[in-house]
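Residue-level structure breakdown
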Amino acid sequence: MKRLGLLLCLLLWTAGLAQAGEVEDLGALLASRGFSQEHTARIMEQVRLARENGLPTAPMIDKVHEGIAKQVDQPRIVRAVEQVAERYAFARTRTRELVTERQEAVRTANLLAEAMTAGLRQEEAKMIAARLQDRLQEQDRLQEQDRLQEHESSRTTERNRLVQETMETARDMSRYGVTSATVGRVVTEALAHSYTAREMATMRQAFTEQAHIGQPESIAHAFAQGIGAGQGANG
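So, here's what we can say about the structure. Given the structure is predicted, the values throughout are model-derived calculations rather than measurements. (Residues numbered from 1 in each chain as written. Predicted model: local features only at pLDDT ≥ 70, side-chain atom pairs only at ≥ 80, totals over all residues. Heavy atoms only, no water.)

Describing the overall build of the protein chain
Note the cut-off: The helix count covers DSSP runs of H or I at least four residues long, the strand count covers runs of E at least two residues long, and both are numbered beginning at the N terminus. For the exposure calls, accessible area comes from a 1.4 Å probe over protein chains only, and a residue counts as buried if that area is under 20% of its type's maximum, exposed if over 50%, partly exposed in between. Computed by Shrake-Rupley with a 1.4 Å probe, the accessible areas treat only the displayed protein chains as cover when residues are assessed.
Scanning the protein chain from N- to C-terminus turns up 10 helices and zero strands. The linear arrangement of helices and strands in the protein chain, starting from the amino end, is α-α-α-α-α-α-α-α-α-α. The buried share among the 235 residues of the protein chain stands at 42%. Here the protein chain displays about 13300 Å² of accessible surface, and carbon together with sulfur accounts for 51% of that area.

Written out as structure tokens, the structure is:
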């Protein structure tokens, strides 16, 4: 047990060093590209806040590299970094109550932020998170009523799986270019019809397979209609 604790501490320390190195490299890059003190300070502040709150810094650093490569002017790069930071902070706030474990919470927030990067709007993100919270509460009530109750760790695992599969479905549909309104409709319909983690994963896989050869928006609409009509997760 002691060895495991030491290993975890070592991993966290190593990760901290890696992130510190990334931040130092970013500062050097901004200086070499002639960024003003004001713009440098604003970018570095967003990165600092992300680290403090356990949010990923890579998306912001990548946005800086992207802006420089495209020869975007400094104010627009700064605003782009701030928008990325706002997106991840919003996702963290919306998913905070869905999972309790730190690692799972970070992963969940990242998935929602990635969905928003791909086009999911805040309105639908809020709607999905709220419906998911309702579904988790319903799932907990049903398990409490079940005489053959599962071990607490098993229940937590199933909750986490449903959260992850839901967010991955929203992200993947968004990445295929499905409109935010349609993504929100499909996912919330599935949750309203008490989809399990396995059913959500099955639906996502079926959508992906069909979207490769068809029109993603039309396929997503068909899934929403099918769920409402009581069809299975395969569409």
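Quick look at the layout of surface pockets
Definition in use: Grid spacing is 1 Å over the protein atoms alone, the probe is 1.4 Å, and a cavity is where that probe fits but cannot get out, while a pocket is an open set with protein on both sides within 12 Å along at least five of seven lines and lining residues have an atom within 4 Å of a point. Grid points are joined across faces, edges and corners, and a volume is the space filled by probe spheres set on the points. Polar here means any residue other than Ala, Val, Leu, Ile, Met, Phe, Trp, Tyr, Cys and Pro, which are nonpolar, and Asp, Glu, Lys and Arg, which are charged; Gly is therefore polar.
Roughly 160 Å³ of internal volume is contained in the second largest pocket. In this structure, the second largest pocket is lined by Gln-46, Leu-49, Ala-50, Asn-53, Leu-55, Pro-56, Met-60, Ala-85, Tyr-88, Ala-89, Arg-92 and Arg-96. Elements that contribute at least two residues to the lining of the second largest pocket include exactly α2 (37-52) and α4 (74-95). Broken down by element, the lining of the second largest pocket gets its largest block of residues, four residues, from α4. A breakdown of the residues in the lining of the second largest pocket according to their chemical character gives eight nonpolar, two polar and two charged.

Here's the deal with the packing of α2 against α4
Put simply, the test is: Lines fitted to C-alpha atoms define the axes, with helix axes restricted to the stretch in contact, and inter-axis angles between N-to-C directions lie between 0 and 180 degrees. If an angle is under 35 degrees, it is roughly parallel; if it is over 145, roughly antiparallel; if it lies from 65 to 115, roughly perpendicular; otherwise it is oblique. Here is the rule for handedness: rotate from the far helix to the near one, and if that takes an anticlockwise turn smaller than a right angle the crossing is left-handed, while a clockwise turn gives right-handed. Here a residue-residue contact requires only that any non-hydrogen atoms of the pair lie within 4.5 Å.
Interhelical geometry of α2 versus α4 gives an angle of 15 degrees and a closest axis separation of 10 Å. Here α2 lies roughly parallel to α4, going by the angle between them. In this structure, α2 meets α4 at a crossing whose hand is left-handed. Where α2 approaches α4, its residues His-39, Arg-42, Ile-43 and Gln-46 are matched on the opposing element by Gln-74, Pro-75, Ile-77, Val-78, Val-81, Glu-82 and Ala-85. Grouping the amino acids of the contact of α2 with α4 by side-chain chemistry returns six nonpolar, three polar and two charged.

Digging into the packing of aromatic side chains
Using the following cut-off: Only Phe, Tyr and Trp rings are paired, with Trp represented by its six-membered ring, and only when their centres lie within 6.5 Å; those with planes under 30 degrees apart are stacked, over 60 edge-to-face, the remainder tilted.
This model, assessed by the stated rule, comprises two aromatic pairs. The interplanar angle of 90 degrees and the centroid separation of 5.6 Å between the aromatic rings of Tyr-176 and Phe-207 together place this pair among those described as edge-to-face. Here the residue Tyr-176 occupies a position in the loop between α7 (152-175) and α8 (180-192), and Phe-207 occupies one in helix α9 (residues 197-211), the gap between them amounting to 31 residues. A residue is classified by how much of its surface remains accessible, and Phe-207, at 1% relative accessible area, is buried. Where Phe-207 meets Phe-223, the ring centres are 6.4 Å apart and the plane angle is 70 degrees; that geometry is what we call edge-to-face. Residue Phe-207 is located in helix α9, and its partner Phe-223 is located in helix α10 (residues 216-228); the two are separated by 16 residues in the primary sequence. For the pair Phe-207 and Phe-223, one class covers both residues: buried. Through a chain of ring-to-ring contacts, the aromatic side chains of Tyr-176, Phe-207 and Phe-223 assemble into a single cluster.

Some remarks on the pattern of salt bridges
It is possible for side chains bearing opposite charge to pair when their charged atoms get close. Here is the rule: Any carboxyl oxygen of Asp or Glu within 4 Å of a side-chain nitrogen of Lys or Arg constitutes a salt bridge here.
Tallied over the entire structure, the rule returns 19 salt bridges. Residue Glu-38 is joined to Arg-42 by a salt bridge in which the shortest nitrogen-to-oxygen separation is 3.8 Å. Residue Glu-38 and its partner Arg-42 are located together in helix α2, separated by four residues, close to a single helical turn. Its relative accessible area of 52% is what places Glu-38 among the exposed residues. A salt bridge links Arg-121 to Glu-124; the nearest nitrogen and oxygen atoms lie 2.7 Å apart. Each member of the salt-bridge network shares a partner with another, and the members are Arg-107, Glu-114, Glu-165, Glu-168, Arg-171, Asp-172, Arg-175 and Arg-204.

Concerning the environment of Leu-49
Of note, Leu-49 is situated in helix α2. By relative accessible area, which is 31% here, Leu-49 ends up partly exposed. For the pair Leu-49 and Ala-89, spaced 40 residues apart in the sequence, the C-alpha separation amounts to 9.7 Å.

Comments concerning helix α5 (residues 102-117)
Residue pairs spaced three or four apart in an α-helix point in one direction, given the helix's 3.6 residues per turn. We count it as follows: To estimate how far a helix should reach, multiply one less than its number of residues by 1.5 Å.
Counted at 1.5 Å a residue, the expected span for α5 with its 16 residues is 22 Å, and the 22 Å between its end C-alpha atoms agrees. Among the residues of α5, those classed as buried are Ala-105, Val-106, Thr-108, Ala-109, Asn-110, Leu-111, Leu-112, Ala-113, Ala-115 and Met-116. Just past α5, the residue Gly-119 takes up positive phi, approximately 130 degrees.

What to know about the nonpolar core
To keep it simple, the criterion reads: Working definition of a nonpolar core: buried Ala, Val, Leu, Ile, Met, Phe, Trp, Tyr and Cys residues. They are joined through side-chain atoms within 4.5 Å.
Among the nonpolar cores identified, the biggest contains 58 residues, and Ile-43, Val-64, Leu-120, Leu-132, Val-186, Met-203 and Phe-207 are the most heavily contacted of them. At eight residues, α4 tops the list of elements feeding residues into this core. Leu-120 has contacts with Leu-112, Ala-115, Ala-125, Ile-128, Ala-170, Ser-174, Ser-180 and Val-183, leaving out every residue within four places of it along the chain.

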